[in-house]
Amino acid sequence: MLSLLSCFLSLLSFLVHSCIRPWTQAKISLKDEKEIDEGTSYVAGEEETPKGLLREQMPRHVAVIMDGNRRWAERAGLLTSQGHEAGAERLIEFAELCFKLGIETVSAFAFSTENWGRHKIEVNCLMSLFQRYLKSKIHFFQSEEIRVSVIGNLEKIPESLLGTIKETEEATKRYKKKHLILAIDYSGRFDILHACKSIVKKSQQGLIREEDVDQTLFERELLTKCTEFPSPDLLIRTSGEQRISNFLLWQLAYTELFFSPVLWPDFDKDRVIEALVSYQSRERRFGCRI
Amino acid sequence: MDFNDPMLALSSSIGQIGDFGLDLVWRFIHIVVTLCLIVSGIFELVESYAISLGLIQKYSSIDIEKLKCLAVVVDIEAARDVSKVIELLRWLTTIGVKQVGVFDSQGLLKKSKDMILEMVPRSVLLQETGENNISPDSIALEFISSFDNKEAVVKAANILLQKYLKSIHPENGEGENVFTESHLNEALRVVGECVHVPDLLLVYGPVRSHLGFPAWRLRYTEIVHMGSLKYMRYGSLLKAIHKFTGVRQNYGV
């Protein structure tokens, strides 16, 4: 109870500090009607860096496990499908905010291999949701210059969704600065095994020798090879669960883990900033002594 | 023109009073937040000692059977103070945990394993004893480092590669059957790695990261950040384990 109260108060103080103080620092001159000096720099197309965050210490790659859609729907008296819809909307807002803050890569765990075990209706609803959202957001991704990649097994997903995925990847492949990676039918263990198979195939083709197989080569065969920064700097998991649930097992070795009790559809801008503030306040040593 | 000067002075004064007032509000909120955090910290400290003394009923009996394998990640700085690690392991023995994997990225604890095994009562090395031969009153310890993470998987991948190439008709894709999770588990065992999946991972250090703990084993492991090893408390340890026993996992379903 006390920790919740302190979190609320720290958030309130942050809001007061960031919203009201710039206003109090503005000087209005009635004589010559100068514009208000905001006291913060603003570049068109970028989000003002919130107080308490340093732009130069932003993570390059943020991963998110979007947990809590079903519980959110239950609490709101809605259907599970509506919970997933709200979750999808939240993901778009989350990615947009991250990109505006200077984060280059955002990975989201949309559907795990284990999720196939859910009720068939829910699974079909999710597949249809992915297709609808990807199709409807292609123009948005193009206008915002966001590259979209989908990683995962992809063998079991419907043909129509596969087609939409290819269309979206093709339409956005030339964009370099912002990268949204969606993990659909993804499993961290599958990723590692897939890398093993890929190495074998290359070995058969004579492209690599046995002695060439090391960590660097192995990493290049993982499904995250589509990005320059395969290892996330920060992983956010919502809804209070404190585990990584088979997501990016290899890649998460030195990732900062942030577990939030908030359900995913409620994970708004303030929560994102809270996670980033927590990340920037940590002393990361990557296993070495500094 | 003259009328504007008093107006300007008035608005300037109002602005300054407003500034001062808001500054006061900001500092007041700051004090309140700081006090709340202090109170929260004291509360946690008192709770921790109350748990240690057995004053809180619900922590007196923990269903330890649910915790088959526990792993502890220790920051490299903390790993240099082996006495703290030994104390932690003694606490875990008292609680009744049967199998503990201790990890530090540089393998410092691996180098001190003989001393640790000697100082922790009824402790045995997991690799020597085997999972099924642990006696009821002893604790099996495993010492892990970053070398057991990615390097081990790469070596295991090489073993699978050799196995695939040796299979009778690799060109027909029949050898693809060597690439399953159980095959990689087996290959990891051949390399000398343990594949026991910890149920709970306790991270002691300044960073909320598992610092390179073997990735293959972390699929559904609960991860709890415990803070600095230097300031570890028995009550906090008991609380973390108790909380784990109440967790319900859906495993994605």
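Values in this document were obtained by computation on a predicted structure and should not be read as measured data. (Residues numbered from 1 in each chain as written. Chains lettered and ligands numbered in written order. Predicted model: local features only at pLDDT ≥ 70, side-chain atom pairs only at ≥ 80, totals over all residues. Heavy atoms only, no water.)

**Q** How would you explain the overall build of chain A if you had to name every residue and give the values?
**A** Each helix and strand in chain A was counted, giving eight helices and six strands. When the helices and strands of chain A are read in sequence order from the N terminus, they spell out α-β-α-α-β-α-β-α-β-α-α-β-β-α. Partitioning the intrachain contacts of chain A with sequence separation of at least 6 by distance along the chain shows that 75% fall at a separation of at least 24. As presented, chain A carries roughly 14400 Å² of accessible surface, and 52% of it is formed by carbon and sulfur atoms. (Helix = DSSP H or I, 4+ residues; strand = E, 2+ residues; numbered from the N terminus. Contact = heavy atoms within 4.5 Å. Areas by Shrake-Rupley, 256 points an atom, 1.4 Å probe, with all protein chains shown as cover.)

**Q** Report on helix H9 (residues 234–245) of chain B, specifying residues and quantitative values.
**A** Here H9(B) is 12 residues long and its end C-alpha atoms lie 17 Å apart, about the 16 Å a rise of 1.5 Å per residue gives. Turning to H9(B), its buried residues number three or more, namely Tyr234(B), Gly235(B), Leu237(B), Leu238(B), Ala240(B), Ile241(B), Phe244(B) and Thr245(B). (Expected span 1.5 Å × (residues − 1). Buried < 20%, exposed > 50% of the residue type's maximum accessible area, 1.4 Å probe, protein only.)

**Q** Mind laying out the sheet that holds strand S3 (residues 146–151) of chain A, listing which residues take part and the relevant values?
**A** Residues and elements named next belong to chain A. The strand order S3-S4-S2-S1-S5-S6 describes an open sheet built from six strands, whose pairing is parallel. A strand with exactly one partner marks an edge of an open sheet, and here the two such strands are S3 and strand S6 (256–259). Averaged over neighbouring strand pairs, the angle between their axes works out to 20 degrees when direction is ignored. In this sheet, S6 lies alongside strand S5 (residues 234–237) in parallel orientation, the contact comprising four bridges. The residue bridging arginine 237 from the neighbouring strand is phenylalanine 259, located in S6. (Pairing = 2+ DSSP bridges. Axes fitted to C-alpha atoms, helices over the stretch in contact; angles between N-to-C directions.)

**Q** Give me the lowdown on unusual backbone geometry, citing residues and values where you can.
**A** With a phi close to 75 degrees, Ser239(A) is a non-glycine residue in the positive phi region. Relative to the elements of secondary structure, Ser239(A) occurs in the loop between S5 and S6.

**Q** For a nonpolar patch on the surface, give the residues involved together with the corresponding values.
**A** Taken together, the side chains of Ile31(B), Leu35(B), Ile38(B), Ile42(B) and Val46(B) make up a nonpolar region of the molecular surface, amounting to roughly 470 Å² of accessible area. Structurally, Leu35(B) is set in helix H1 (residues 4–52). (Patch = residues over 30% accessible without salt bridge, like charges linked within 9 Å, V, L, I, M, F, W, Y side chains within 5 Å. Salt bridge = Lys/Arg side-chain N within 4 Å of Asp/Glu carboxyl O.)

**Q** How would you sum up the nonpolar core? Please name residues and give values.
**A** Nonpolar side chains tend toward joint burial in soluble globular proteins. Formed by 50 residues in total, the largest nonpolar core has its most connected members in Phe94(A), Leu182(A) and Ile236(A). Among the elements that line this core, the one with the most residues is helix H4 (residues 120–144) of chain A, at nine residues. (Core = buried A, V, L, I, M, F, W, Y, C linked by side-chain atoms within 4.5 Å.)

**Q** Give a description of the sheet that holds strand S6 (residues 222–227) of chain B that names residues and reports values.
**A** Residues and elements named next belong to chain B. Judged by pairing direction, the sheet is parallel, and its six strands sit side by side in the order S3-S4-S2-S1-S5-S6 without closing on themselves. Bordering the open sheet on either side are strand S3 (123–125) and S6, each of which pairs with just one other strand. Sheet twist, expressed as the mean angle between neighbouring strand axes with direction ignored, is 25 degrees. Inspection of the sheet shows S3 paired to strand S4 (residues 139–144) by three bridges, in the parallel sense. Bridging across to S4, leucine 125 finds its partner in leucine 141.

**Q** Describe the packing of aromatic side chains, with residues and values.
**A** Applying the stated criterion to the full structure yields 13 aromatic pairs over all chains. Both rings, one in Phe111(A) and one in Trp116(A), keep their centres 4.9 Å apart while their planes meet at 75 degrees; by these two values the pair is edge-to-face. By relative accessible area, Trp116(A) is classed as partly exposed at 22%. Ring centres of Trp91(B) and Tyr234(B) lie 5.6 Å apart, and the angle between their planes is 80 degrees; this geometry places the pair in the edge-to-face category. Here Trp91(B) is found in helix H3 (residues 82–95), whereas its partner Tyr234(B) is found in helix H9, with 143 residues between them in sequence. In terms of burial, Trp91(B) and Tyr234(B) fall into one category: buried. Taken together through their ring pairs, the aromatic side chains of Phe94(A), Trp264(A) and Phe267(A) make up a single cluster. The ring of Trp216(B) carries the charged tip of Arg189(A) above its face, separated from the ring centre by 4.5 Å. (Phe/Tyr/Trp six-rings, centres within 6.5 Å; stacked < 30°, edge-to-face > 60°. Lys NZ or Arg CZ within 6 Å of the ring centre and 35° of its normal.)

**Q** Please give an account of the packing of helix H7 (residues 150–166) of chain B against helix H8 (residues 181–191) of chain B that cites residues and values.
**A** Residue and element names in this part refer to chain B. Contact pair H7 / H8: the axes reach a minimum separation of 8 Å and the direction vectors enclose 110 degrees. It follows from the interaxial angle that H7 and H8 lie roughly perpendicular. Classified by chirality, the crossing of H8 by H7 is right-handed. Residues Ala152, Val153, Lys155, Ala156, Ile159, Leu160 and Lys163 of H7 touch H8, and the partners they reach there are His183, Leu184, Ala187, Leu188, Val190 and Val191. The class makeup of the residues in the contact of H7 with H8 is 10 nonpolar, one polar and two charged. (Parallel < 35°, antiparallel > 145°, perpendicular 65-115°, else oblique. Left-handed = near helix turned anticlockwise from the far one by under 90°. Nonpolar A, V, L, I, M, F, W, Y, C, P; charged D, E, K, R; others polar.)

**Q** Go over the environment of Ile116(B) with me, naming the residues and quoting the values.
**A** By the secondary structure assignment, Ile116(B) is in helix H5 (residues 113–119). Residues Ile116(B) and Ser105(B) lie 11 residues apart in sequence; the distance between their C-alpha atoms is 17 Å.

**Q** If you had to explain the pairing of strand S5 (residues 200–204) of chain B to someone new, which residues and values would you point to?
**A** Residues and elements named next belong to chain B. The element S5 is largely enclosed, with a buried count of five among its five residues. Of the two faces of S5, the one holding Leu200, Leu202 and Tyr204 and the one holding Leu201 and Val203 are both buried throughout. Note that strand S1 (residues 70–74) and S5 share five bridges and pair parallel. Bridging across to S5, leucine 70 finds its partner in leucine 200. Here S5 runs beside S6; their pairing, made up of five bridges, is parallel. In the strand pairing of S6, leucine 201 is matched with isoleucine 223.

**Q** Hey, could you go over the pattern of salt bridges for me, with residue numbers and the actual values?
**A** All names here are of chain A. A complete count under the given rule lists 22 salt bridges over all chains for this structure. Notably, a salt bridge pairs arginine 70 with glutamate 122, separated by 3.4 Å at the nearest N-O pair. Highlighted residues: arginine 70 in helix H2 (residues 69–76) and glutamate 122 in helix H4, separated in sequence by 52 residues. A residue is classified by how much of its surface remains accessible, and arginine 70, at 28% relative accessible area, is partly exposed.

**Q** Describe H3(B), listing the residues and the values that go with them.
**A** The end-to-end C-alpha separation of H3(B) is 20 Å, in line with the 20 Å expected for 14 residues at 1.5 Å each. Residues of H3(B) that are buried: Val82(B), Val85(B), Ile86(B), Leu88(B), Leu89(B), Trp91(B), Leu92(B), Thr93(B) and Ile95(B).

**Q** Residues and numbers for the confidence of the model for chain B, please.
**A** Looking at chain B, pLDDT values average 85 and 92% of them are 70 or higher. Model confidence for the complex: the whole-complex pTM is 0.79, and ipTM, which rates the interface, is 0.73. (pLDDT = per-residue confidence, 0-100.)

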